[in-house]
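Descriptive structure summary
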Amino acid sequence: MFTCLLLVLPFATGLSKPANLQPNPIEKRLNETNYEKFRRQHVDAKMSVKKCDTEIKKKKIYVDGNKCKKANTFILSDYKQVKAICNGQGRYDQTNKTKSKAKFRIVRCDLMNNGARKPNCRYNGTLLTNRTVVVKCEKKCEGKCEKLPVIWLPSVT
């Protein structure tokens, strides 16, 4: 009985799990919230036009698991400023869209080889400046209630 306990204990405590089996924090997880997915796919203060291929691959931004996404847009900002769009720093309209009051810098990554599948996704990056961002906000209550951006809407003005 004691020997059995010693064999089971390392597995029960997680000590036996190799470090390379730990989930990648950038990778989409099964329990990823809409806001976490939005943040992973669209908010990156350090993004540049030259990093489209690298970041889209690293952040695993694909359609249906393995198709290259035709375009992806990154807001060059701190996530707190983007979250503020849904909490007083945006204008809500009756079509369930919230338009930012602040202007942002954006990197738009456009797929160059249409129809490609990973790992062959190749993107051309374009820097857009002084842009208004339009998002859909979702109310989340965990401890305190707040609204979070969850969907990037295509109209960047």
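Whatever comes next refers back to the structure up there.
What you are looking at is a predicted structure, and each value in this text was computed from that prediction instead of being measured. (Residues numbered from 1 in each chain as written. Predicted model: local features only at pLDDT ≥ 70, side-chain atom pairs only at ≥ 80, totals over all residues. Heavy atoms only, no water.)

**Let's talk about the overall build of the protein**
Operational definition: Helix and strand assignments come from DSSP, with helices taken as H or I runs of at least 4 residues and strands as E runs of at least 2, each series counted from the N terminus. Relative accessible area decides the class of each residue, using a 1.4 Å probe on protein chains only: under 20% of the type maximum gives buried, over 50% gives exposed, and in between gives partly exposed. Residues are treated as being in contact if the distance between any of their heavy atoms lies within 4.5 Å. In this description, accessible areas are obtained by the Shrake-Rupley approach with a 1.4 Å probe, and a residue is regarded as covered only by the protein chains that are shown.
Helix and strand counts for the protein stand at four helices and nine strands. Counting from the amino terminus, helix and strand elements in the protein follow one another as α-α-α-β-β-β-α-β-β-β-β-β-β. Buried residues in the protein amount to 31% of all 157 residues. Within the protein, contacts between residues separated by at least 24 positions form 60% of all contacts whose residues are at least 6 apart in sequence. Looking at the protein as shown, the accessible area adds up to about 10,400 Å², and 53% of this sits on carbon and sulfur atoms.

**Some words on the nonpolar core**
Applicable threshold: Only buried residues count toward a nonpolar core. Its members are Ala, Val, Leu, Ile, Met, Phe, Trp, Tyr and Cys residues joined through side-chain atoms within 4.5 Å.
Counting 14 residues, the largest nonpolar core has Met47, Cys109 and Tyr123 as the members making the most contacts within it. Contributing elements (two or more residues each) for this core: helix H3 (52–58) and strand S6 (104–111). The greatest single-element share of this core, amounting to three residues, is contributed by S6. Those residues in contact with methionine 47 that sit more than four places away from it in its chain are Cys52, Glu55, Phe74, Leu76, Val107 and Cys109.

**Re the sheet that holds S6**
Under the convention used in this document: Strands are treated as partners if at least two bridges between them are detected by DSSP. For helices, the axis comes from a line fit to the C-alpha atoms of the stretch in contact; other axes are also lines fit to C-alpha atoms, and the angle between any two N-to-C directions lies between 0 and 180 degrees.
Read across the open sheet, the three strands follow the order S3-S6-S7; overall the sheet is antiparallel. Of all strands in the sheet, those bounded by a partner on one side alone are strand S3 (71–75) and strand S7 (123–131). Strand-to-strand, the axes of this sheet are offset by a mean angle of 20°, without reference to chain direction. In this sheet, S6 lies alongside S3 in antiparallel orientation, the contact comprising five bridges. Its bridge partner lying in S6, threonine 73 is registered against arginine 108.

**A look at the state of the cysteines**
For clarity, the threshold we go by: A pair of cysteine sulfur atoms is labelled a disulfide when the two atoms are within 2.5 Å.
Tallied over the entire structure, the rule returns three disulfides. Here cysteine 52 engages in a disulfide with cysteine 109; their sulfurs sit 2.1 Å apart. An S-S torsion of about -75° defines the bridge between cysteine 52 and cysteine 109 as left-handed. Of this pair, cysteine 52 sits in helix H3 while cysteine 109 is found in strand S6, placing the two residues 57 residues apart along the sequence. The class for cysteine 52 is buried, based on a relative accessible area of 1%. Given the relative accessible area of 0%, cysteine 109 is considered buried. Across the disulfide, cysteine 86 is cross-linked to cysteine 137 (sulfur-sulfur distance 2.0 Å). Every disulfide takes its handedness from the sign of the S-S torsion; for cysteine 86 and cysteine 137 that torsion is -80°, giving left-handed. In this pair, cysteine 86 is assigned in the loop between helix H4 (79–83) and strand S4 (90–92) and cysteine 137 in strand S8 (residues 134–142), connecting sequence segments 51 residues apart. With relative accessibility at 8%, the residue cysteine 86 sits in the buried group.

**A word on the pairing of S6**
Put simply, side chains in a regular strand alternate between the two faces of the sheet. Alignment of S6 against S7, held across seven bridges, turns out to be antiparallel. The partner of phenylalanine 104 across the bridge, within S7, is arginine 131.

**Considerations on the packing of aromatic side chains**
Put simply, the rule is: Ring pairs are drawn from Phe, Tyr and Trp, using the six-membered ring of Trp, whenever the two centres fall within 6.5 Å, and their geometry is named by plane angle: stacked under 30 degrees, edge-to-face over 60, tilted for the rest. Placement of a positive charge over a ring is assigned whenever Lys NZ or Arg CZ falls within 6 Å of the ring centre and within 35 degrees of the normal to the ring plane.
For the structure on display, the rule yields zero aromatic pairs. In this structure, arginine 39 packs its charged tip against the face of tyrosine 79, placed 3.4 Å from the ring centre.

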